[in-house]
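Chains, contacts and geometry: an overview
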Amino acid sequence: MSTLYPVSLTTSPEGPMCLADIPLPKLAAKYGTPLYVMDRETLAKNCRDYTQALAKFYPNSLVVFAGKANLNLGLLNILAQEHLGVDVVSGGELFTALRSKIPAQHVLFHGNNKSSSELEMAIRHGIRIMVDHEEELVQILGLAKTLEKTAQIMLRLKPEIEAHTHDYIKTGHIDSKFGLDKRDLIRLVNWIKSEPSLHLKGLHSHIGSQIFDLEPFEDLAQIMTQHMATVKAECEIELEELNLGGGIGIQYTTQDDPPSIGLYIEKLTTKLKACCAELGIAQPRLILEPGRSIVGTAGVTLYSVGAVKSIPGIKDYVFVDGGMADNPRPMMYQAQYTFSVADKPHETPSRIYTIAGKYCESGDILAKDVKLPEVNVGDTLVVFDTGAYNYSMASHYNRSAKPAMIVVENGQDRVLVRRETYEDLLRYDEE
Ligand code: LLP
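The following paragraphs examine the structure supplied in this document. Note that the coordinates shown come from a computational prediction; the quantities given were computed from them, not determined experimentally.

**Digging into the sheet that holds strand E1 (residues 9-11)**
Reading across the sheet, the three strands line up as E1-E2-E3 and stay open at both edges, with antiparallel pairing between neighbours. The open sheet has two free edges, formed respectively by E1 and strand E3 (22-23), since each of these has just one partner strand. Bridging between strand E2 (residues 17-19) and E3 involves two bridges; their strand directions are antiparallel. Within E3, the residue paired with Leu 19 across the bridge is Ile 22.

**Here we look at the layout of surface pockets**
Volume-wise, the second largest pocket comes out at about 500 Å³. Taken together, 20 residues form the lining of the second largest pocket, with Gln 336, Tyr 337, Ala 367, Lys 368 and Val 370 sitting closest to its centre. Secondary-structure elements contributing two or more residues to the lining of the second largest pocket are helix H11 (329-333) and strand E17 (365-372). Shared between two domains, the lining of the second largest pocket takes at least three residues from each, and those domains are domain 1 (9-32 + 298-425) and domain 2 (40-295).

**Topic: the site of the ligand**
Near the ligand you find 20 residues, and of these Ser 209, Glu 289, Arg 292, Arg 329 and Tyr 389 are the closest. Tyr 389 places a polar side-chain atom, nitrogen or oxygen, 2.7 Å from an oxygen atom of the ligand. Of the residues belonging to the shell around the ligand, the class tally is six nonpolar, eight polar and six charged. Taken domain by domain, the makeup of the shell around the ligand includes at least three residues from each of domain 1 (9-32 + 298-425) and domain 2 (40-295).

**Some details on the sheet that holds strand E6 (residues 85-88)**
Taken together, eight strands build a closed barrel; the order of strands is E5-E6-E7-E8-E9-E10-E11-E12 and the barrel is parallel. Between one strand axis and the next, the sheet turns through 30° on average, direction left out of account. Two elements, strand E8 (residues 128-131) and strand E9 (residues 151-156), share three bridges in a ladder whose sense is parallel. Residue pairing in the sheet places Met 130 in a bridge with Met 154 of E9. On the sheet, helix H4 (residues 91-99) packs against E6 and strand E7 (107-109) and is oriented at approximately 160° with respect to E6.

**Structural notes on the packing of aromatic side chains**
For the structure shown, the criterion picks out seven aromatic pairs. Ring geometry for Tyr 50 and Tyr 264: centres 6.3 Å apart, planes at 80°, overall edge-to-face. Of this pair, Tyr 50 sits in helix H2 (residues 40-57) while Tyr 264 sits in helix H9 (residues 261-279), placing them 214 residues apart in sequence. In this pair, the class of Tyr 50 matches that of Tyr 264, namely buried. For the pair Phe 217 and Tyr 264, a centre-to-centre distance of 5.0 Å together with 70° between the ring planes defines the contact as edge-to-face. Of this pair, Phe 217 sits in helix H8 (residues 215-235) while Tyr 264 is found in helix H9, placing the two residues 47 residues apart along the sequence.

**Considerations on the pairing of strand E13 (residues 299-311)**
Bridge analysis of strand E4 (residues 35-39) against E13 gives four bridges, and the strand direction is antiparallel. Bridge assignment links Met 38 to a residue of E13, and that residue is Gly 299. Examined bridge by bridge, E13 and strand E18 (residues 380-384) share five bridges and lie antiparallel to one another. Considered in E18, the bridge of Val 300 is made with Phe 384. Relative to strand E14 (residues 315-320), E13 runs antiparallel, the two sharing six bridges. Bridging across to E14, Val 305 finds its partner in Val 320. Hairpin remark: E13 followed by E14, antiparallel, with three residues in the connecting loop; positive phi at Gly 313, about 75°.

**Describing the packing of helix H6 (residues 134-147) against helix H7 (residues 185-193)**
With their axes 12 Å apart at the nearest point, H6 and H7 run at an angle of 5° to one another. Here H6 lies roughly parallel to H7, going by the angle between them. Along its contact with H6, which presents Glu 134, Leu 137, Val 138 and Leu 141, the element H7 presents Arg 187, Leu 188, Trp 191 and Ile 192. Along the lines of polarity and charge, the residues of the contact of H6 with H7 split into six nonpolar, no polar and two charged.

**Looking at unusual backbone geometry**
The linkage connecting Thr 33 with the following residue, Pro 34, adopts the cis geometry, with an omega of -5°. Looking at the secondary structure, you find Pro 34 in the loop between helix H1 (24-31) and E4. Of note in the backbone geometry, Glu 236 takes a positive phi value of approximately 55° without being a glycine. Looking at the secondary structure, you find Glu 236 in the loop between H8 and strand E11 (241-243). A positive phi is found at Asn 398, a non-glycine position, where the angle reads about 65°. Structurally, the position occupied by Asn 398 is in the loop between E18 and strand E19 (404-409). By relative accessible area, which is 37% here, Asn 398 ends up partly exposed.

Rules used in this analysis
Residues numbered from 1 in each chain as written. Predicted model: local features only at pLDDT ≥ 70, side-chain atom pairs only at ≥ 80, totals over all residues. Heavy atoms only, no water. Pairing = 2+ DSSP bridges. Helix = DSSP H or I, 4+ residues; strand = E, 2+ residues; numbered from the N terminus. 1 Å grid on protein atoms, 1.4 Å probe; cavity = no way out; pocket = protein on both sides within 12 Å on 5 of 7 lines; lining within 4 Å. Points joined across faces, edges and corners; volume = space filled by probe spheres on them. Domains from an automatic or database assignment. Near = heavy atom within 4 Å. Polar contact = N/O pair within 3.5 Å; in protein donor to acceptor, adjacent residues only side chain to side chain. Nonpolar A, V, L, I, M, F, W, Y, C, P; charged D, E, K, R; others polar. Axes fitted to C-alpha atoms, helices over the stretch in contact; angles between N-to-C directions. Contact = heavy atoms within 4.5 Å. Phe/Tyr/Trp six-rings, centres within 6.5 Å; stacked < 30°, edge-to-face > 60°. Buried < 20%, exposed > 50% of the residue type's maximum accessible area, 1.4 Å probe, protein only. Parallel < 35°, antiparallel > 145°, perpendicular 65-115°, else oblique.

So, to be careful, I would describe these as geometric facts and stop short of saying anything about function.
And the structure:
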């Protein structure tokens, strides 16, 4: 079954495409475009695919959403209803998480260069900190002592696995800017052990993003449990938690064939349990940090077509009222997406178009050679699977106001993030 489309997407033989029973052109007219629309039912399904598979195969676990994929209060509150935690990578994300309904003990703090004030905020609230390097450990210790708190920490290790993915989004390899070298592990654990202001919860590692192959995840489970066994043998500490990061891929086009979340969990936890048994260590609490696979397929972007420009014998452009500012991924990663005309899902795709954004840059092309029915000015173009790393990477390029994000469920729609206004754009300007 295709996971390209949100669960509640429907098309009737006559009418426009609907999401949660609401016609997409109607949402475009009500909220304006570009518009990010999140489908509550898909969010629930993605979260439950994780939580239900874990309940079956590895109940001692916690799923934390990688907030960098898409972070706002309303969305976090939905994920809190689905019993997910959140991982944050900046003071701003941490501040948002602390204001949401996700409990502090389900918030994890990442980053390779956290500032003192960010670390202080985390320590004050008892947030687990993923330690990236030794200097950071020194800093955390100093702050914890000053604040008279015990800092909850996990050590982030380089997994030294090269998962097959786009070069820019690999984080596991040895020259990565993220994480500690395994050769420093035992010395650091012994040091942490001697400091009452530090509580070492466990180890963390993350191999990359948009990965379809399950083997690197199984290898990671093996490598990390071996590290846990070494810590047990050499430091006499049985670590409570193991965080294996995120990274499972999603389907953006019919060419993509990701494994199901259920299969990923089954394979990963089977390997993890086998490794623990083999190495004689207790099964740790498993933490996973999926981002894309929670929100990616739940989101679509709606654009209005402003013009169709034909260059005879060369190409036909469809101009939309957004582009690289609301979705930089095609330009940054050559990311591919699936497009439809929401007003005419029943019409046969008979034309080939290049979908161009409105920004002042020739490279602002969302996609080339897209097969669609004849597109007319005023049509609503829908782009699927834009729920992850679109809004969170959006910019104000060309002084554009960021679009609104809404959520739909059972015929109801509500705003998660308001559309920015021109006044908002001037808010920080001094004359
Ligand atoms: N945990 C850590 C430590 C991470 O660095 C990431 C993503 C995740 C979890 C979540 O990975 P996911 O499940 O979403 O694959 N901007 C890029 C993706 C960058 C991913 C960075 N780290 C994109 O648009 O494809």
